[in-house]
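Commentary on secondary and tertiary structure
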Amino acid sequence: MIILNALVILFLGTGLVFFLGGAVGIIRMPDFYSRLHPVGKLDTLGIMAMVTGLALYNLGHFSWETLLVSLKMMLIVFFVFLSSPTATHSIVDAGIRAGLNPWSKSRKD
Amino acid sequence: MKRIGLIVVILCGAVLLYATRDFPAWGDPASPASTHVSPHYIEHALQETEVPNLVTAVLADYRSYDTMFETLVIFGAGVACFLLLRSFGARRREGWYVRHIPTGVVIHFRKRPRIPHSRFFERLDTEWVPHDLIIMTICRILLPFIQLFSLYVVAHGDFSPGGGFQGGVMFGASLVLMAISFDLRTALSRVGERILALLAFLGVVLYGGIGVLCMLLGGEFLDYSELAKILPVHAEEARALGMIGVEVGVGIAVTAVMAVIYVNIASAGRHDEGL
């Protein structure tokens, strides 16, 4: 039980760190493309860690119902893991096709 | 002209706002809406229809007539979109583009080429389209799950939030996703324009047909309990089954109309390329 709770806290803490990094990145990054970087990577990883932690916590009172709920949560993780980076990829693609140049330190515009 | 329109809008808005003062308070148990039929629905819906989801019971059984014409409105939207946008004339174009997939070389033709039907050549839209291998692969993985979930939403509308409209919109969205991630021609080769039109019609006819069937069995229009005469269930369960039937009809119609509207708008009615 203590081991399970420790694992849950570890996962939730990891997710918190990733989400925090993502939030700071969206505000602090200089341009469109670099802002999409924290969205695509850190938020996906954050939601993976968070939901995995919650699914483990849900297994604390083990029964078939809680196992089913936990499996559904892991399915959500799976689909977010597939779709969120793909969405980011296609947004970047659209930005490049629309002619937006990446930011560079020498050329401020 | 614009100013007159603005004045009319402001006047109408003011009248409407003034009229809202006469509305009963929100959630007032003594208001006409809450004293007339709502208590009956809330207290008896589960026994009478065997559907745990009250909203579905009211929407698809007690007030089924409303829902049928909502479906008809959606069908009308699809037909209007078709009639307004569809054009059969050829687009004035600079040429056709064909990509040789293994080398990535794009060939430009002045006249319409005869593209060999092989996996090494693909026709491109006039606007340059890159290899979207990632998006295509992921959408290919996700599409069956989206469609399966939308069918679940339709079929499970009696027990949980959902139903024909929501499930149909999700299924239509999966067709739109296919048109975006591959191209319009791929999506249309899977579900053609005629099939879409037929499906939209079929959904409405399924809804109305269940109503007429109830009439033929001796009841009133859309009185599903009469279906118990031809189904091996008792009257309450027949009402639940009738609801599933009309939800399926709604789902089919909404799916087809979503796809028709998207295809016509994205390709400006030409159905050859777009987005």
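We now turn to the structure provided with this report. (Residues numbered from 1 in each chain as written. Chains lettered and ligands numbered in written order. Predicted model: local features only at pLDDT ≥ 70, side-chain atom pairs only at ≥ 80, totals over all residues. Heavy atoms only, no water.)

Right, let's get into the overall build of chain B. Scanning chain B for helices and strands turns up 10 helices and three strands. Each helix (α) and strand (β) of chain B, taken in turn from the N terminus, gives the series α-α-α-α-α-β-β-β-α-α-α-α-α. For 275 residues, the compact-globule estimate of 2.2 N^0.38 gives 19 Å, and the C-alpha radius of gyration of chain B, at 25 Å, exceeds that figure by more than 25%. The principal-axis extents of the C-alpha atoms in chain B amount to approximately 70 × 60 × 35 Å. Counting contacts in chain B only where the partners sit at least 6 residues apart, residues at least 24 apart contribute 59% of the total. A total accessible area of about 16,900 Å² is found for chain B, and carbon and sulfur atoms account for 69% of it. (Helix = DSSP H or I, 4+ residues; strand = E, 2+ residues; numbered from the N terminus. Rg over C-alpha atoms; globule rule 2.2 N^0.38 Å. Contact = heavy atoms within 4.5 Å. Areas by Shrake-Rupley, 256 points an atom, 1.4 Å probe, with all protein chains shown as cover.)

Take the packing of aromatic side chains next. Under the definition given, this model contains eight aromatic pairs over all chains. Summarising the aromatic geometry, the rings of Tyr65(B) and Phe69(B) are spaced 5.3 Å apart at their centres and angled 65° between planes, so their arrangement reads as edge-to-face. Here Tyr65(B) and its partner Phe69(B) are both found in helix α5 (residues 64–85), four residues apart, which amounts to about one turn of the helix. An aromatic cluster is present here, built from Phe78(A), Phe79(A) and Phe145(B) joined pairwise through their rings. (Phe/Tyr/Trp six-rings, centres within 6.5 Å; stacked < 30°, edge-to-face > 60°.)

Residue and element names in this part refer to chain B. Packing of helix α3 (residues 38–49) against helix α4 (residues 54–62) brings their axes to within 10 Å, and their N-to-C directions diverge by 75°. One finds that α3 runs roughly perpendicular with respect to α4. Residues Tyr41, Ile42, His44, Ala45, Glu48 and Thr49 of α3 lie in contact with α4, whose contacting residues are Leu54, Ala57, Val58, Asp61 and Tyr62. Across the contact of α3 with α4, the residue classes tally to seven nonpolar, two polar and two charged. (Axes fitted to C-alpha atoms, helices over the stretch in contact; angles between N-to-C directions. Parallel < 35°, antiparallel > 145°, perpendicular 65-115°, else oblique. Nonpolar A, V, L, I, M, F, W, Y, C, P; charged D, E, K, R; others polar.)

When the terminal C-alpha atoms of α3(B) are compared, their 15 Å separation across 12 residues agrees well with the 16 Å that a helix rising 1.5 Å per residue should span. Immediately beyond the C-terminal end of α3(B), within one or two residues, lies Glu50(B), with a positive phi of roughly 60°. (Expected span 1.5 Å × (residues − 1).)

With that settled, consider the sheet that holds strand β2 (residues 105–109) of chain B. Residue and element names in this part refer to chain B. Here we have three strands laid out as an open sheet, ordered β2-β1-β3, and antiparallel in their pairing. Of all the strands in the sheet, just β2 and β3 (121–124) have a single pairing partner and so form its edges. Pairwise comparison of adjacent strand axes, ignoring direction, gives a mean angle of 30° for this sheet. As paired elements, strand β1 (residues 96–100) and β3 share four bridges and run antiparallel to each other. Of the residues in β3, the one forming a bridge with His100 is Phe121. (Pairing = 2+ DSSP bridges.)

All right, on to the pattern of salt bridges then. Note on pairing: side chains with opposite charge can pair once their charged atoms come close. All names here are of chain B. On inspection of all chains with the given rule, the structure shows five salt bridges over all chains. The shortest N-O distance in the salt bridge between Glu193 and Arg86 comes to 2.8 Å. In this pair, Glu193 is assigned in helix α9 (residues 193–216) and Arg86 in the loop between α5 and β1, connecting sequence segments 107 residues apart. Across the pair Lys229 and Glu226 runs a salt bridge whose closest N-O atoms are separated by 2.9 Å. (Salt bridge = Lys/Arg side-chain N within 4 Å of Asp/Glu carboxyl O.)

With that settled, the discussion passes to the nonpolar core. All names here are of chain B. Grouped together as the largest cluster of nonpolar side chains are 19 residues, with contacts concentrated most on Tyr207, Ile210, Tyr224, Leu227, Met243 and Val246. For this core, the secondary-structure elements that each account for two or more residues are α4, α9 and α10 (235–266). Counting residues per element, this core draws most heavily on α10, at six residues. Non-local contacts of Val246, meaning those with residues more than four positions away in its chain, are made with Ala60, Tyr207, Ile210 and Tyr224. One finds Leu143, Ala179, Ala187 and Val263 within the second-largest nonpolar core, a separate group that totals 17 residues. (Core = buried A, V, L, I, M, F, W, Y, C linked by side-chain atoms within 4.5 Å. Buried < 20%, exposed > 50% of the residue type's maximum accessible area, 1.4 Å probe, protein only.)

Reports often express the size of an interface as the amount of accessible area lost when the parts come together. Listed per partner, the contact involves 10 residues of chain B and eight residues of chain A. Surface buried jointly by chain B and chain A totals about 810 Å² across both partners, of which 78% is contributed by carbon and sulfur atoms. A per-residue breakdown of the area chain B buries against chain A is headed by Ile135(B), Ile138(B) and Leu142(B), which together make up 45% of the total. Taken together, the connections running from chain B to chain A amount to zero salt bridges. Seen at the junction of chain B and chain A, the total is zero residue pairs in polar contact (both at pLDDT 80 or more). Its residues placed into classes, the side of chain B that touches chain A shows nine nonpolar, no polar and one charged. (Buried area = accessible area lost by both parts, 1.4 Å probe. Polar contact = N/O pair within 3.5 Å; in protein donor to acceptor, adjacent residues only side chain to side chain.)

Honestly, it's all geometry; don't read function into it.
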